[in-house]
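Each chain, letter by letter, is given below.
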Amino acid sequence: MALVNRIANLFRRSKVDRDIDDELQAHIALRTDDNLAAGMTPTQARREALLRFGNPVSTRERATAAEVTLSLETLARDVRYVVRRVRRSPGFAITAILTLALGIGANVVVFSVLNSILLRPLKVANPYRLFQIVQTQQGYDNQSYPDYLDFKARNATFSDMTAYRLGFTGLSAGAGGAQKYMNYEVSGNYFDLLGIQPALGRFFHQSDEHGPNSAPYIVLSDHLWRARFNADPNIIGTTVDLNKHPFTILGVAPANFNGTEIFLWPEFWIPIVNEEQIEGYNFLVKRFNHGLFVIGSIRPGVSPQQATDNLTTVAHQMTREHPKEDDGLGARLVKPGLMGDVFGGAARSFLTAMMVLAILVLVAACANLAGICAARAADRTRELAIRLSIGSTRGHVMRQLLTEAIVVSIAGGVAGTIVSVALLGALSRWQPIPQYPIHVAVVPDVRVYAIAILLSLLSGILPGLLPARQIWRTDVTQAMRSGTATANLIGRFSVRDILLGLQIALCALLVTASLVSLRGMERSLHAPLGFSPQDAMLAEADLQMAGYSDATALPMQRRMIDEAARIPGVIAVGTIDQAPLTGGGSSTPVYRDGTADLRQSNAVTGAKYFSISPGYLVAAGTRLLAGRDLSWADTATAPGVAIVNQTFAHSMFGNTPAVGQHFLGAGNDRYQVVGVIEDGKYDSLTENPQAAMFLPLAQSSDNNTTLVVRSQLSSAETASALNRVLTGIDSSLPLSIRPWPDALALALFPARIATMALSVMGILAAILAITGVFGMAAYSVSKKMRELGIRVALGARRTQIMRSALGRPLLLLFSGSVTGLVLGVLASRLLAQLVYQATPRDPLVLLGAVAAMTIVGLVATWIPASRALAVDPALLLRNE
Amino acid sequence: MGKADSSKNDLQGNLDLLVLKTLAHAGSLHGYGIVLHIQRASDELLNVEEGSLYPALHRMEQSGWVASEWAFTETNRRAKYYKLTAAGRRQLEAAQENFDRLVRGVRAVLRYA
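Along each chain, residues carry numbers from 1 onward, in the same order as the chain's sequence is written. Naming scheme: in the order in which they are written, chains are lettered from A and ligands are numbered from 1. In keeping with the predicted nature of the model, local features appear solely for residues at pLDDT of at least 70, side-chain atom pairs appear and are counted solely at 80 or more, and the whole-chain, interface and lining totals rest on all residues.

So, the overall build of chain A
Reasoning step 1: Only runs of H or I of at least four residues qualify as helices and only runs of E of at least two qualify as strands under DSSP, and these elements are numbered from the N terminus. From N to C terminus, chain A includes 28 helices and 21 strands.
Reasoning step 2: Whether a residue is buried, exposed or partly exposed follows from its count of other C-beta atoms within 10 Å of its own C-beta, namely 20 or more, 12 or fewer, or something in between, respectively; the C-beta atoms are built from the backbone. Residue burial in chain A is summarised as follows: out of 880 residues, 42% are buried.
Reasoning step 3: When contacts within chain A are restricted to residue pairs at least 6 apart in sequence, long-range pairs at least 24 apart make up 82% of them. It is the C-beta atoms, placed from the backbone, that decide contacts: two residues are in contact if theirs lie within 7 Å.

What to know about the overall build of chain B
Reasoning step 1: Looking only at helices and strands, one finds 5 helices and 3 strands in chain B.
Reasoning step 2: Across the 113 residues of chain B, 30% fall into the buried class.
Reasoning step 3: For chain B, contacts bridging at least 24 residues in sequence account for 51% of all contacts bridging at least 6.

Focus on the confidence of the model for chain A
Reasoning step 1: Confidence of the predictor at the level of single residues is given by pLDDT, which spans 0 to 100. Residues with a pLDDT of 70 or more make up 85% of chain A, whose mean pLDDT is 79.
Reasoning step 2: Counting contacts from residues 483-491 of chain A, a segment whose pLDDT is below 50, to residues more than four positions away or on other chains yields 11 contacts.

Remarks on the interface of chain A and chain B
Reasoning step 1: At the interface, 22 residues of chain A touch 19 residues of chain B.
Reasoning step 2: The set of elements that each furnish at least two residues to the side of chain A that touches chain B consists of helix H1 (2-11), helix H2 (13-37), helix H3 (42-53) and helix H4 (56-68) of chain A.
Reasoning step 3: Asp, Glu, Lys and Arg are counted as charged, while Ala, Val, Leu, Ile, Met, Phe, Trp, Tyr, Cys and Pro are counted as nonpolar; the rest, among them Gly, fall into the polar class. Among the residues forming the side of chain A that touches chain B, the class breakdown is 9 nonpolar, 6 polar and 7 charged.

Topic: the sheet that holds strand S3 (residues 78-84) of chain B
Residues and elements named next belong to chain B.
Reasoning step 1: Any two strands with at least two DSSP bridges between them are considered paired. With respect to topology, 3 strands assemble into an open sheet ordered S1-S3-S2, the strand pairing being antiparallel. Each of the sheet's edge strands pairs with one partner strand only, and the pair in question is strand S1 (28-30) and strand S2 (66-72). Strand-to-strand twist in this sheet, taken as the mean axis angle between neighbours without regard to direction, amounts to 35 degrees. Note on geometry: axes are lines fitted to C-alpha atoms, helical ones only across the stretch in contact, with angles between N-to-C directions running from 0 to 180 degrees.

A closer look at the nonpolar core
Residues and elements named next belong to chain A.
Reasoning step 1: Residues Val361, Cys507, Val709 and Ala765 are the most contacted members of the largest nonpolar core, which totals 165 residues.
Reasoning step 2: It is helix H24 (residues 745-783) that provides the largest number of residues to this core, a total of 19 residues.
Reasoning step 3: The residues contacting Val709, other than those within four sequence positions of it, are Ala536, Met537, Ala539, Ala564, Val570, Val573, Ala619, Thr718 and Leu722.
Reasoning step 4: What makes a nonpolar core is a set of buried Ala, Val, Leu, Ile, Met, Phe, Trp, Tyr and Cys residues, with links drawn between C-beta atoms within 7 Å. Core analysis: the next-biggest nonpolar cluster, separate from the first, contains 56 residues, Tyr164, Trp225, Phe247 and Leu250 among them.

What to know about the packing of helix H7 (residues 145-154) of chain A against helix H11 (residues 304-321) of chain A
All names here are of chain A.
Reasoning step 1: Two elements in contact, H7 and H11, have axes separated by 10 Å at closest approach and are oriented at 130 degrees. Between H7 and H11, the interaxial angle falls into the category oblique. Here H7 runs over H11; the crossing is right-handed. Seen from H7, the contacting residues are Asp147, Asp150, Phe151 and Arg154; seen from H11, they are Leu311, Val314 and Met318.
Reasoning step 2: Residues of the contact of H7 with H11, tallied by class, amount to 4 nonpolar, no polar and 3 charged. These descriptions rest on fixed angle ranges, namely under 35 degrees for roughly parallel, over 145 for roughly antiparallel, 65 to 115 for roughly perpendicular, and the rest for oblique. Handedness of a helix crossing follows the sense of rotation of the near helix relative to the far helix, less than a right angle counterclockwise being left-handed and clockwise being right-handed.

What about unusual backbone geometry?
Reasoning step 1: Positive phi is not limited to glycine here, since Asn230 of chain A has a value of about 55 degrees.
Reasoning step 2: Structurally, the position occupied by Asn230 of chain A is in the loop between helix H9 (222-229) and strand S6 (239-242).

So, the pairing of strand S19 (residues 692-696) of chain A
Residue and element names in this part refer to chain A.
Reasoning step 1: Summarising burial for S19: 5 of the 5 residues are buried, a large majority.
Reasoning step 2: Residues of S19 alternate between two faces, with Ala692, Phe694 and Pro696 on one and Met693 and Leu695 on the opposite face, all of them buried.
Reasoning step 3: Where strand S14 (residues 605-612) meets S19, 5 bridges bridge the pair, whose relative direction is parallel. Bridge pairing in S19 links Ile612 to Pro696.

Some words on the packing of helix H3 (residues 31-41) of chain B against helix H4 (residues 50-62) of chain B
All names here are of chain B.
Reasoning step 1: Running from N to C, H3 and H4 cross one another at 120 degrees; their axes reach a closest spacing of 11 Å. What the angle tells us is that H3 and H4 run oblique. Pair H3 / H4 crosses with right-handed handedness. Between H3 and H4, the residues in contact are Gly31, Ile34 and Val35 and Glu50, Leu53, Tyr54 and Leu57, respectively.
Reasoning step 2: A breakdown of the residues in the contact of H3 with H4 according to their chemical character gives 5 nonpolar, 1 polar and 1 charged.

Structural notes on the environment of Met560 of chain A
Residue and element names in this part refer to chain A.
Reasoning step 1: Checked against the element boundaries, Met560 lands in helix H19 (residues 550-565).
Reasoning step 2: For Met560, a count of 24 C-beta atoms within 10 Å puts it in the buried group.
Reasoning step 3: Along the chain, Met560 and Val573 lie 13 residues apart, while their C-alpha atoms are 9.4 Å from each other.
Reasoning step 4: Aside from chain neighbours lying at most four places away, what touches Met560 is Ala541, Leu707, Leu726 and Ile729.

Side note on H3 of chain B
All names here are of chain B.
Reasoning step 1: Every buried residue of H3 is accounted for by Gly31, Tyr32, Ile34, Val35 and Ile38. Around the axis of H3, the buried residues are gathered within 160 degrees of arc, so they sit on the same side.
Reasoning step 2: Residue Asp43 follows H3 closely and has a positive phi angle near 55 degrees. To be clear, the arc concerns the directions from the helix axis to the C-beta atoms.

So, the environment of Leu630 of chain A
Residue and element names in this part refer to chain A.
Reasoning step 1: Its location among the elements puts Leu630 in the loop between strand S15 (624-627) and strand S16 (641-645).
Reasoning step 2: Separated by 67 residues in the primary sequence, Leu630 and Leu697 have C-alpha atoms spaced 9.3 Å apart.
Reasoning step 3: In contact with Leu630, other than residues within four places in its own chain, are Ile612, Pro614, Val641, Ile643 and Pro696.

Here you go:
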């Protein structure tokens, strides 16, 4: 290819020079030879040859020029020209580059997050063959250990399956106290299936499993090994205590392997067969205990659909064998790493929505750039007309305009990418919830940079083409005569106007959406939660970790309550196994009294169940609507009682009073309802009312204990008093004390993220709308200066001047804002999934959106308006 | 830019024509050989200016009309040999047609005047 040759020649110019030199020397030599043959003396012959050849240097120069010129040279010339022009109007360049940097930056950030959460596979061997096996029912993502073993043994489509369970375990080494870490309990084949090699020591294998509690081994994460053991290689083979049981350190995982959940990184792994030592009960034999994540590796050549069909057959077989425990069991494959499909589903829809918004922001940025480019092209109509008339081709003029747009867009893209990479770094270090080891590891990869470059080029070329179209239509004589193509601009709505209108609409949409979610957030803090977190402290004490069994835990729990109640200022104290909205709580089917066949399909409803002490309801601020609170007289030997919430009472007993009636639990336990309390939120702020029951601590012993303390004192005073009292009882007790409102971080997390992201997008859109409207208004005013001058001279009023100067931008601003508001109201339905009570039917939201758009309009048109009003007709007319 | 050249009726256009024709006739030649051939074929009437020949050759090579390679002459000197490409052959036809038209036009004018 000639162009490729030329580019290549540019870089090896000296070689080309030498080549040409040789050729010319050969020519002179050949003539000298002929001259000699004709009988000249050698000196004469050479002299004559040189003379006839002329100036060899200039010839060489011209020959070289032929090699490297044309397209390439013109391209360089275009770029130089662009840079010169851009430098002459830095305002344009800065606006355009900033605009694009915002648009491209937003896209790079959102795409990186999307990429690392949804697109990029786990960092293991054969990641594309790995699938997480979840149940068919939405929200049932876990399997039980016996089910896992059956799936693994009976399927024909997976080469292997592994199971893992997330947990927190207290680890103590040497004399130091126990510290709580997130860990995975994994089946023996875990590392082998994933194809991970240890960085140090060895991993455990399937062959290490010989029944319950047979493999007291622990594999450390690189992070824990460095943080807790100072990266000591001699640590291998030594013993640490996990919940007071000795485990031998086998090895250290490589630094880049952080488990099979994208967000939740374990600090260590232990064999699942030893779970009883950690958890205090044996779930390995309990088919109804669904708490494991199962990942399988599909055999080569098997499609996910075939695998699903195969597993479904196996699941139906299991249901026939275990009609109670495996009732309705099915199988579905999802991408692993997102805690099953529930989290994955939410993340997917949220990130997709964010990606759409980011693209819209970029479209707005492009619209802006197109507007600026078009305005500049219109200003240059005369210059371009001159160039066309003195022989420049339209193609050449267009190429220059395009080069200009692309140079600017690449600058914008680079700026945007740099900023967003910095932002992503901060995001990766961010720990959204202190108690949970949540990691948002977003590392931009090749794909991200490719997208950034592609977006930069696209967003340069498309806006660049718009003015190019204008050039194509330019009528040279017309343009030369009238100077600028004024008629084109003012008469009717142009593409530019529509683009600007869209941009304003987008801005209004985002502003509305972010206000809706902000209000929702605010409201969710005062929502009827079924308890009142204000003025209450939570003290979480893991008795299991401190070596208490279920039997010895109860007296300890009672002592903790009594001691805490004695702290001055404390109004009420109680315990609950896991406070609502802090990421725990299990569900169990409940049956009508007298149901014979306790299979899941016969259940009245699934109910959340909590284990509480007397006094909890008062301490939590939960209203008792009927009946009585639990009492210490409800002991293990007394008849089973329960307090239920309104939803439970209604679905179980209809409209008859619930107090005094009976129902059955999953284990055929019979409970009498002694009290009814108000409904509350248990899993998330946006959930629908759920049935819940509260059982007395003594009848459903649980050594997971959260002490709820309601106090008149400040939270800091209560916290220190609590700490003193509780460590006074048992100094080895692992404690975490925090105000209840702080503990709601997890529940508020989705809403916080949504609000933050929407606000950022809203601000971006507002900035873009302001620059867009400003650009257009300023341009329209400067085009009309002369007309305005004449009008002022003829005695026009200020309002008339304003209408003439800013009518179009204001009309666009108004119609765009209205459109955006309407769209925002419609889009809020989507938001309702993430944000508590997201509703646009809120006067504050509507007022806020209108106010925001008014501010956008005022900021954007202030300067052009004052310029228009300051028109001095005498000065203007003299100048023209 | 090749398009623009073919319609030009200036000396450079004619030099291109002469070079292309020479290469079409002689097959493969070095620059000096081209000069000699044109001189001889025109009965010493046309004297190619060597300072213009080489830029023209290189330009034609970049346009893909001729290809070049280094080889040895009968006198054992290293020289760059040029030969016509398919594109060059088409260009030759076009240039020849163009030139014929020019000559007919000039002759017609001269006859009329």
